[in-house]
Each structure stands twice: as structure tokens, then as C-alpha cells.
Amino acid sequence: MKEYAAFTATAQDIVDLLDSQRLARIVTIDPDGIPRIGVHVFVHDGLTVELHLVADDPQLDDVRRGSPVVIEVDEVLANAPSHWVDPANATHADQ
């Protein structure tokens with residue numbers, strides 16, 4: 001992590017942020033060098049973050065190919081309940 005003079009975070013600061021949020025954005029790079037951004041529900045154990053990608057998610061292909069991955073967590077301004085996508089299918093979760 002690059003250190004900036006105006007901002008430093010302890011491991012506990014990061015864990016506290018993760019505790020307070022339910023969605024993370026991950027950024028990967030596709031084969032053409034274009035960033036892909038996905039919003040995912042996550043769980044964590046301290047600084048270890050786990051999220052679920054479905055087998056046909058292009059970001060999973062990026063990860064398998066060795067793409068760098070960035071995880072970004074911050075305050076969510078609004079959410080989209082899963083029933084907006086499909087009233088009978090909750091697999092998209094509330095995002």
C-alpha cells in the first residue's frame with residue numbers, strides 16, 4: 001500500500017471499515033487491458049476478505065489469468081434489492 005502523508009490506516013482501522021460495510025467493488029483487467037468493475041457481497045476474518053464469483057463471471061476469468069485485483073470498500077449511497085432484478089430469484093442478493 002502506498003503511504004500518503006495525509007492518510008495512514010492501521011490494520012484495526014481497516015477491519016473496522018470492513019465491519020461497517022456489506023459490499024465491495026473489485027477491479028480486474030480484461031485480456032484487452034480494460035478494467036472490469038464488479039460489486040459483490042463479502043465476508044471477512046480480520047484482513048482476509050472472501051467473496052463469491054459465479055463460474056461464468058468474466059472477472060473470475062481475469063483472476064485465473066493472473067490479472068491484478070483491487071478491492072475497494074466504502075460507504076454505499078444506495079442499494080438495489082434483489083427483487084428488482086428478478087422477483088423470484090434472490091441469487092443476485094441485495095446490492
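Numbering of residues starts from 1 in every chain and runs along the sequence as written. Given that the model is predicted, a residue must reach a pLDDT of at least 70 before its local features are reported, and side-chain atom pairs must reach 80 or more before they are shown or counted; all residues, however, enter totals for whole chains, interfaces and linings. Values reported for side chains reflect all heavy atoms of the structure, with hydrogen atoms and water molecules removed beforehand.

Draft legend 1. A look at the overall build of the protein chain. Counting its secondary structure elements, the protein chain contains three helices and four strands. Numbering goes from the N terminus for both helices and strands, where a helix is a DSSP run of H or I of at least four residues and a strand is a run of E of at least two. Tracing the protein chain from N to C terminus, the helices and strands come up as α-β-β-β-α-β-α. Its C-alpha atoms give the protein chain principal-axis dimensions of roughly 50 × 35 × 25 Å. Split into buried and exposed, the 95 residues of the protein chain put 21% on the buried side. The contact rule is simple, with two residues in contact once any of their heavy atoms fall within 4.5 Å. Restricting the contact set of the protein chain to residue pairs at least 6 apart, pairs at least 24 apart contribute 49%. For the protein chain, the exposed surface amounts to about 7000 Å²; the carbon and sulfur share of it is 58%. Counted as positive: Lys and Arg. Counted as negative: Asp and Glu. His and the chain ends are not counted at all. Note that the charge is assigned to NZ on lysines, CZ on arginines, CG on aspartates and CD on glutamates. One way to put it: in the protein chain the 6 positive side-chain charges average out to a point 6 Å from where the 17 negative ones average out. To sort residues, take the accessible area from a 1.4 Å probe on protein chains only and compare it with the maximum for the residue type: under 20% means buried, over 50% means exposed, and anything in between is partly exposed. Using a 1.4 Å probe, the Shrake-Rupley method yields the accessible areas, and only the shown protein chains count as cover for residues.

Draft legend 2. Molecular detail of the environment of Gln21. The residue Gln21 is located in the loop between helix 1 (11-20) and strand 1 (23-29) in this model. Among all residues touching Gln21, those that are not within four sequence positions of it are Phe42, Val73, Asp74, Glu75 and Val76. Polar contact is defined as a pair of N or O atoms within 3.5 Å, subject to the rule that within protein one atom must be able to donate a hydrogen and the other to accept it, and that residues adjacent in sequence are counted only when both atoms are side-chain atoms. Within the structure, the side chain of Gln21 is placed 3.1 Å from the side chain of Ser20, a separation counted as a polar contact.

Draft legend 3. Inspection of the confidence of the model for the protein chain at higher detail. Confidence scores here are pLDDT values: one per residue, from the predictor, ranging 0 to 100. Averaged over every residue, the pLDDT of the protein chain is 86; residues scoring 70 or more account for 92%. Per-element averaging of pLDDT across the protein chain places helix 3 (residues 82-85) at the bottom with 72 and helix 2 (residues 58-65) at the top with 96.

Draft legend 4. Geometry of the sheet that holds strand 3 (residues 48-51). Two strands qualify as a pair provided that DSSP identifies no fewer than 2 bridges between them. Here we have four strands laid out as an open sheet, ordered 3-2-1-4, and antiparallel in their pairing. The strands lining the two open edges of the sheet, one partner per strand, are strand 3 and strand 4 (70-72). Recorded for the sheet is a direction-independent mean angle of 45° between the axes of neighbouring strands. Both strand 1 and strand 2 (residues 35-45) contribute to a ladder of seven bridges, which runs antiparallel. In the strand pairing of strand 2, Ala24 is matched with His40. Comment: axis = line fitted to C-alpha atoms, over the contacting stretch for helices; angle = value between 0 and 180 degrees taken between N-to-C directions. Helix 2 contacts strand 1 and strand 2 of the sheet and is inclined by roughly 55° relative to strand 1.

Draft legend 5. View of the pairing of strand 1. Taken together, strand 1 and the strand that follows it, strand 2, pair antiparallel across an intervening segment of five residues, in which Gly33 is found at a positive phi of about 90°. As paired strands, strand 1 and strand 4 are joined by three bridges and run antiparallel to one another. Directly across from Arg25, in strand 4, lies its bridge partner Glu72.

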